[in-house]
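Chain by chain, the residues:
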Amino acid sequence: MSKKTVLTGITTTGTPHIGNYLGAIKPAIEASENPAFNSFFFLADYHALIKCHEPERVARSTREIAATWLALGLDTDKATFYRQTDIPEITELTWLLTCQTSKGLMNRAHAYKAAVDANREAGNEDLDDGITMGLFNYPILMAADILMFNADIIPVGKDQIQHIEMARDIAGRFNHVYEPLFTLPEAQVDEETQLIPGLDGRKMSKSYDNTIPLFCSSDELRSLINKIKTDLREPGEPKDADNSTLFQLYSHFATASERAAMRRQYEEGIAWGEAKRELFEFLDAKLAAPRERYNALLNDLGYVEKILHEGAEKARAYATPFLQKVRIASGIRPLTYVPAQSTTDEGAKKEKKSAEELARIEEGRRRAILKQVQHLIDRVDNADDKSAEAGRVIEEKSSEVEQLKKKAKQKAQNELDILREELAAYL
């Protein structure tokens, strides 16, 4: 069985914090050790430019995130670790995909709709005020990130599922219009991922300014832990461990026996000051070694740059020849290009693909065709005499097929076949 490709991007706009580590970095690095997967991790610095227009912040975040993943043990012999901007094929693929993406699909993107709603609520007559084309088009860039390496699995939060669906739609459209080159990606949402609480008890997030930087100094770590909110229970009073931010942070790093021992202390009425001291000493000890490696890497950025360049070379070894296939399929070819005369026919080529991959490609092709003829299906559904209307639709499409030539004719024939399937009940 062929390996599945798993791809994860990290936007370079902030300093990695404990929530990032527990929710994304740690499970991703652990998964990269699984030989059943090809793991791709990239610094999404083009994505950073969509909302962050502070050059120093983007540059600093790029350094910090690269050093963080390496300090935490990412094995770059087992995973491909690269910077998005080191892969020029991604931006070219973005344009090729843009030319196959409907504006209507982008109009439905959550981020764009939220920005429009914000303008509406503010009473702004120009609903697109302040909205850049970067914000509007970034789902296509995200699709290019994914489709460039034909990634099978994309670990995401629930708020990102729409982007994976969009990538599937875009891939399906290209596969239908040109050639079935793209795998349709699947979103992987970890339903069991626990909420990592911040200093105020809410989800740890830069948006709430309640984070604990993963590799801050011991003094800063102590100071931040002392700011964590607690209730008014006195020393000696039993504490509710399950609703304590202190205990939750401790438990994410602790073994089962360590958690059980700490829970007993809460039940026995540990003082909040003592609980904070225990958490600080525990986390400081856990993070000391990777913090030392992190600081050493920040002092040797030439080495980090070398690792990223090596990752880019690995990534481009796949991206460069694959993009050439995409370009040729799109008609971007040398003047002297002659299609290869292969003794292997199309059926034999397809046999090389797994049944699962073929099914996914076919699903995407069918979805793309359905989008093109949905208005005709709706026409039948809304008709009083559905059977008669279905007959008229099939007759019109059949006539269209007869009038077209070559590739356009085949495209229309595909649409006719789908219409016959969808309207079979009325014919």
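Source: prediction; values computed, not measured.

For the rest of this paragraph, the subject is a negative patch on the surface. Taken together, the side chains of Glu-125, Asp-126, Asp-128 and Asp-129 make up a negatively charged region of the molecular surface. Assignment of secondary structure puts Glu-125 in the loop between helix H6 (110–121) and helix H7 (133–147). Its relative accessible area of 80% is what places Glu-125 among the exposed residues.

Turning to its location among the elements, Ser-102 is positioned in the loop between helix H4 (88–98) and helix H5 (103–107). Each C-alpha atom of the pair Ser-102 and Asp-152 lies 23 Å from the other, and the pair is 50 residues apart in sequence. Reaching out from Ser-102, the side chain makes a polar contact with the backbone nitrogen of Leu-105 at a distance of 3.1 Å.

Here the idea is simple: oppositely charged side chains can pair when their charged atoms come close. Inspection of the entire model under this criterion finds 27 salt bridges. For Arg-379, the salt bridge goes to Glu-389, with nearest N and O atoms at 2.5 Å. Of this pair, Arg-379 sits in helix H15 (residues 355–381) while Glu-389 sits in helix H16 (residues 386–403); the two residues are ten residues apart in sequence, bridging distant segments of the chain. Look at Arg-379 and you get partly exposed, because its relative accessible area is 30%. A cluster of three or more residues bridged by salt bridges with shared partners is formed by Glu-165, Asp-169, Arg-367 and Lys-371.

As a packed pair, H4 and helix H13 (residues 301–330) sit with axes 10 Å apart at the nearest point and diverge in direction by 25°. The orientation of H4 relative to H13 falls into the category roughly parallel. Seen along the crossing, H4 lies across H13 with a hand that is left-handed. Contact residues: H4 offers Pro-88, Glu-89, Glu-92, Leu-93 and Leu-96, while H13 offers Arg-316, Ala-319, Thr-320, Leu-323, Val-326, Arg-327 and Ser-330. The class makeup of the residues in the contact of H4 with H13 is six nonpolar, two polar and four charged.

Definitions and limits used
Every chain is numbered independently, its residues counted from 1 as its sequence is written. In view of the model being predicted, local features appear only for residues whose pLDDT reaches at least 70, and side-chain atom pairs are presented and counted only at 80 or more, with totals across whole chains, interfaces and linings using the full set of residues. The side-chain values count all of the structure's non-hydrogen atoms but skip hydrogen atoms and water molecules. For patch building, the residue pool is restricted to those with more than 30% relative accessible area and no salt bridge; the joining distance is 9 Å between like charges and 5 Å between nonpolar side chains (Val, Leu, Ile, Met, Phe, Trp, Tyr). Values of accessible area rely on a 1.4 Å probe in the Shrake-Rupley scheme; residue burial ignores everything except the protein chains shown. Should a side-chain nitrogen of Lys or Arg be within 4 Å of a carboxyl oxygen of Asp or Glu, the pair is scored as a salt bridge. None of His or the chain ends enter the tally, which takes Lys and Arg as positive and Asp and Glu as negative. Note that the charge is assigned to NZ on lysines, CZ on arginines, CG on aspartates and CD on glutamates. Under the scheme used here, helices are H or I runs from DSSP no shorter than 4 residues and strands are E runs no shorter than 2 residues, and both carry numbers assigned from the N terminus. Here's how the labels work: a residue is buried when its accessible area is under 20% of the maximum for its type, exposed when over 50%, partly exposed in between, all with a 1.4 Å probe on protein chains only. Pairing of N or O atoms within 3.5 Å defines a polar contact, subject to two protein rules: one partner must be a possible hydrogen donor and the other a possible acceptor, and residues neighboring in sequence count only if both atoms are side-chain atoms. Lines fitted to C-alpha atoms define the axes here, with helix axes fitted over just the stretch in contact, and angles between the N-to-C directions of these axes take values from 0 to 180 degrees. Any angle that falls under 35 degrees is termed roughly parallel, while one over 145 is termed roughly antiparallel, one within 65 to 115 roughly perpendicular, and all others oblique. Each crossing is labelled by how the near helix is turned from the far one, with a counterclockwise turn of less than a right angle marking it left-handed and a clockwise turn marking it right-handed. Contacts are residue-level and defined by heavy atoms, with any inter-residue pair within 4.5 Å sufficient. Think of it as three bins: nonpolar holds Ala, Val, Leu, Ile, Met, Phe, Trp, Tyr, Cys and Pro, charged holds Asp, Glu, Lys and Arg, and polar takes everything else, Gly as well.

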